[in-house]
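Results of the structural survey
Letter by letter, the chains look like this.
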Amino acid sequence: MKKLYQRAVEALAVVSRPDFVSGADLVPSITGHSIPREETVRHLLGLIPEIEPDHVVMHVGGGSGYLTAVLADLAHRVVYVDRNPALVEKARERFFKHGAHNVDVVEASADTGLELDSPCDLILCTTFIPDPKMLLPNLREGGNLVCLEGRAGPVPSVAMFQRKGDKLERVRTLGWVDFNRNSEQILIDLGVVSEAALSTAVAPRKGEHWQQAWALRSLIH
């Protein structure tokens, strides 16, 4: 895989994932698509075209806002889109606290298209959309749309399309992205156990899965 460009590395360092994850608002949407791991975001940024400082980016399926905040550190403007009202409200609060004032928050489903005041250089969909062509009007000429494919499989592929006139042409498959989180990560995200406490409990039992499971159980209870 190609080396991640420096601005993306710096954006990942600036945006703290724990700041965009809290137990109270994860119940409505407990999938990795909504709250991707840092390594997942790093991998995804390495697959998609480099985001320039003057770019306008739309993120469909913004979830907790973590990935959107990273994009906001790279682009001139980012449009966050999610249809879950609970997640949208929490994400809005997080963007304000993080100082991500270049993020526009939209509560909507992208399935039937969206109305924006300006076209995007890049549209990134981290949720499945039935028809990518619905987002064609939101792309500038030559702009890229990156979306998930392979809903039936455990690890979706990421495909890139490009606007050419009034058509959305498929460019290629960029790779695969694993949004799944292990049980330890889910418990940390829910606030059931801290990362430090988990590391302390599990470290002495490294390599012994049943002992790790027992340590995890003792922390929860």
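All of the points below concern the structure found in this document.

1. Structural notes on the side chain of His-55
By secondary structure assignment, the location of His-55 is in the loop between α2 (38–47) and β1 (56–60). Other than its neighbours up to four places away in sequence, His-55 contacts Glu-50, Ala-75, His-76, Arg-77 and Asp-121.

2. Here's the deal with the sheet that holds β1
Across the sheet, seven strands lie side by side as β3-β2-β1-β4-β5-β6-β7; this open sheet has mixed pairing. A strand with exactly one partner marks an edge of an open sheet, and here the two such strands are β3 (103–107) and β7 (167–176). Neighbour to neighbour, the strand axes of the sheet diverge by 15 degrees on average, direction disregarded. Summarising the sheet, strand β4 (residues 120–125) and strand β5 (residues 139–149) pair through four bridges and their orientation is parallel. For Leu-124, the partnering residue across the bridge sits in β5 and is Val-146. In the packing of α2 onto the sheet, the strands contacted are β4, β6 (157–164) and β7, and the crossing angle to β7 comes to about 130 degrees. Across the sheet, helix α4 (residues 85–98) is in contact with β2 (77–82) and β3; its angle to β3 comes to roughly 165 degrees.

3. Focus: the side chain of Asn-144
Inspection of the secondary structure assignment puts Asn-144 in strand β5. Since its relative accessible area comes to 12%, Asn-144 is described here as buried. Among the polar contacts listed, one links the side chain of Asn-144 to the side chain of Gln-162, at a separation of 3.2 Å. Residues within four places of Asn-144 in sequence aside, it is in contact with Pro-49, Asp-121, Leu-122, Ile-123, Leu-139, Met-160, Phe-161 and Gln-162.

4. Structural notes on the packing of helix α1 (residues 6–14) against α2
Put simply, α1 and α2 touch, their axes get as near as 11 Å, and they point 160 degrees apart. With respect to α2, the axis of α1 lies roughly antiparallel. Our pair here, α1 against α2, has a crossing hand that is right-handed. In contact with Ala-8, Val-9 and Leu-12 of α1, α2 contributes Glu-38, Val-41, Arg-42 and Leu-45. Partitioning the contact of α1 with α2 into residue classes produces five nonpolar, no polar and two charged.

Cut-offs and rules
- Residues numbered from 1 in each chain as written.
- Predicted model: local features only at pLDDT ≥ 70, side-chain atom pairs only at ≥ 80, totals over all residues.
- Heavy atoms only, no water.
- Helix = DSSP H or I, 4+ residues; strand = E, 2+ residues; numbered from the N terminus.
- Contact = heavy atoms within 4.5 Å.
- Pairing = 2+ DSSP bridges.
- Axes fitted to C-alpha atoms, helices over the stretch in contact; angles between N-to-C directions.
- Buried < 20%, exposed > 50% of the residue type's maximum accessible area, 1.4 Å probe, protein only.
- Polar contact = N/O pair within 3.5 Å; in protein donor to acceptor, adjacent residues only side chain to side chain.
- Parallel < 35°, antiparallel > 145°, perpendicular 65-115°, else oblique.
- Left-handed = near helix turned anticlockwise from the far one by under 90°.
- Nonpolar A, V, L, I, M, F, W, Y, C, P; charged D, E, K, R; others polar.

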